[in-house]
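Okay, here's what each chain looks like letter by letter:
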Amino acid sequence: MSGAILSIESSCDDSSVAVTDIETKRVLFHKKISQESDHALYGGVVPELASRLHAVALPSILERCREFFGSLKAVAVTSEPGLSVTLMEGVAMAQALAISMNLPLIGVNHLVGHVYSLFIESESVFPLTVLLVSGGHTMIMEVYDYNEVKVLASTLDDSFGESFDKVAKMMGLGYPGGPLIEELAKKGDPYRFSFPVPLKNSKKIAFSYSGLKNAVRIAIEKSEGSKELAPHIAASFQRAAIEHLVDKSVKILDLKKPERFAIVGGASANMQLRDAFLRECDTRGIELLFAPLEYCSDNAVMIGRAAIDGYKKALFTPATKLKANPKSTIFGDA
Ligand code: KG4
Ligand code: ZN
């Protein structure tokens, strides 16, 4: 074995650690402890609770991968963007490991990590046009190389995944909302409610979900908890939300005419979204890439895979200098 990277992810509500072989890119170890059920009680992520849960979960996962410590060549950690109190848990652990084992430390941007979820156990392929749909972000970017990114469009308000979470909360479904809305929508008519597709008549290439969310809120209030209407509300909301994503994305595809297009992030697990984009890319002769379902949501494997490219470029940060940054430094203020 050529040596491995230990990677840590704690930017939101998933505690995850992975060990990846640098040369073969094989995943040697991966464990993720999701806090979803803890936050479900509150209908969303409570940062202080998330931070306390990371402080318990991360060391317990680390205990299970001690056998790989002898082969480590570097330590990597998500250092931006995310919730500062949760990022700090991972960063502090990575710093302690790097200092005690005298290993270089790689701070990985979480959004770049999502891009690398496409390249688990394989070579990275750039340039690539990527749509990132998660709980924190909705953006289209041109990725030229590791940490070389240009944002082409982003959301003006809520993100795609966040709008699913908020609608699910309004409907009393639970958290995270994405999978719950997708499931409920299977039994509904997507055209029963004519929710407005955001920015439909605007030339602006950007995303916006707050207006749609408010229209759905009014429908939920009017439905007065009707069990019969709930699946139709979910299906109609999902249809409008995806139509908006497709609408703006194809404008960029028609302008840039890329060979390949990729969709990453937790919400890229949505099957209706996948089908809609498959149809659009098919008619345009564009190859469409997705990450394996298990790596769409937050995980340390994608952070480790990104870190391999960072390692090869020797993009190390002195352990005492690495900071947890709630904002992205390489994406402007995205
Ligand atoms: O990438 P991720 O795990 O965390 C962030 O970096 O934000 O994405 C989580 C988000 C949540 O908002 C969740 O509701 C959404 O992705 N999501 C979905 C689906 N599965 C997860 N949204 C729509 N449909 C889904 N099937
Ligand atoms: Zn994420």
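Computed from a predicted structure; not experimentally measured.

Cut-offs used in this document
- Residues numbered from 1 in each chain as written.
- Chains lettered and ligands numbered in written order.
- Predicted model: local features only at pLDDT ≥ 70, side-chain atom pairs only at ≥ 80, totals over all residues.
- Heavy atoms only, no water.
- Phe/Tyr/Trp six-rings, centres within 6.5 Å; stacked < 30°, edge-to-face > 60°.
- Buried < 20%, exposed > 50% of the residue type's maximum accessible area, 1.4 Å probe, protein only.
- Helix = DSSP H or I, 4+ residues; strand = E, 2+ residues; numbered from the N terminus.
- Domains from an automatic or database assignment.
- Contact = heavy atoms within 4.5 Å.
- Buried area = accessible area lost by both parts, 1.4 Å probe.
- Salt bridge = Lys/Arg side-chain N within 4 Å of Asp/Glu carboxyl O.
- Nonpolar A, V, L, I, M, F, W, Y, C, P; charged D, E, K, R; others polar.
- Pairing = 2+ DSSP bridges.
- Right-handed = clockwise from strand over helix to strand, strands pointing away.

*Asks:* What exactly am I supposed to notice about the packing of aromatic side chains here?
*Replies:* The geometry of two aromatic rings is summed up by the distance between their centres and the angle between their planes. By the definition in use, this model includes eleven aromatic pairs. Between the aromatic rings of phenylalanine 119 and phenylalanine 126, the centroid separation amounts to 5.6 Å while the plane-to-plane angle is 85°, which identifies the pairing as edge-to-face. According to the relative accessible area criterion, phenylalanine 119 is buried, its value standing at 3%. In this structure phenylalanine 126 comes out as buried when scored by relative accessible area, which is 19%. Judged by centre distance (4.8 Å) and plane angle (45°), the ring pair of phenylalanine 160 and phenylalanine 164 falls under tilted. Linking phenylalanine 160 with phenylalanine 164, this pair stays in helix 5 (residues 160-170), spanning four residues, or about one helical turn. Its relative accessible area of 2% is what places phenylalanine 164 among the buried residues. Clustering of aromatic rings is evident, with ring pairs tying together Tyr116, Phe119, Phe126 and Tyr146.

*Asks:* Can you walk me through the domain arrangement of the protein chain in this structure?
*Replies:* One frequently used descriptor of interface size is the decrease in accessible area upon assembly of the parts. Looking at the assigned domains, one finds that the protein chain contains domain 1 (4-120 + 295-312) and domain 2 (128-290). Summarising the inter-unit geometry, the C-alpha centres of domain 1 and domain 2 are found 27 Å apart. Contact residues are listed per partner, giving 25 residues for domain 1 and 22 residues for domain 2. Summing both sides of the interface, domain 1 and domain 2 together bury roughly 1,600 Å²; the carbon and sulfur share of this comes to 73%. For the pair domain 1 and domain 2, the interface holds zero salt bridges. Going through the elements one at a time, helix 1 (36-40), strand 5 (105-109), helix 4 (110-116) and helix 10 (300-312) are the ones with two or more residues in the side of domain 1 that touches domain 2. Of all the elements, helix 4 adds the most residues to the side of domain 1 that touches domain 2, at five residues. Of the residues in the side of domain 1 that touches domain 2, the class split is 14 nonpolar, eight polar and three charged.

*Asks:* Just to check I follow, could you spell out the pairing of strand 4 (residues 72-80) for this structure?
*Replies:* Moving residue by residue along a regular strand, the side chains alternate between the two faces of the sheet. Most of strand 4 is tucked away, with eight of its nine residues classed as buried. Pairing of strand 1 (residues 4-9) with strand 4 involves five bridges; the strand directions are parallel. Bridge pairing in strand 4 links leucine 6 to valine 75. Note that strand 4 and strand 5 share five bridges and pair parallel. Across the sheet, the residue bridging to valine 77 is glycine 107, located in strand 5. In this region the chain leaves strand 4, passes through helix 3 (residues 84-101) and returns to the parallel neighbour strand 5; the handedness of that crossover is right-handed.

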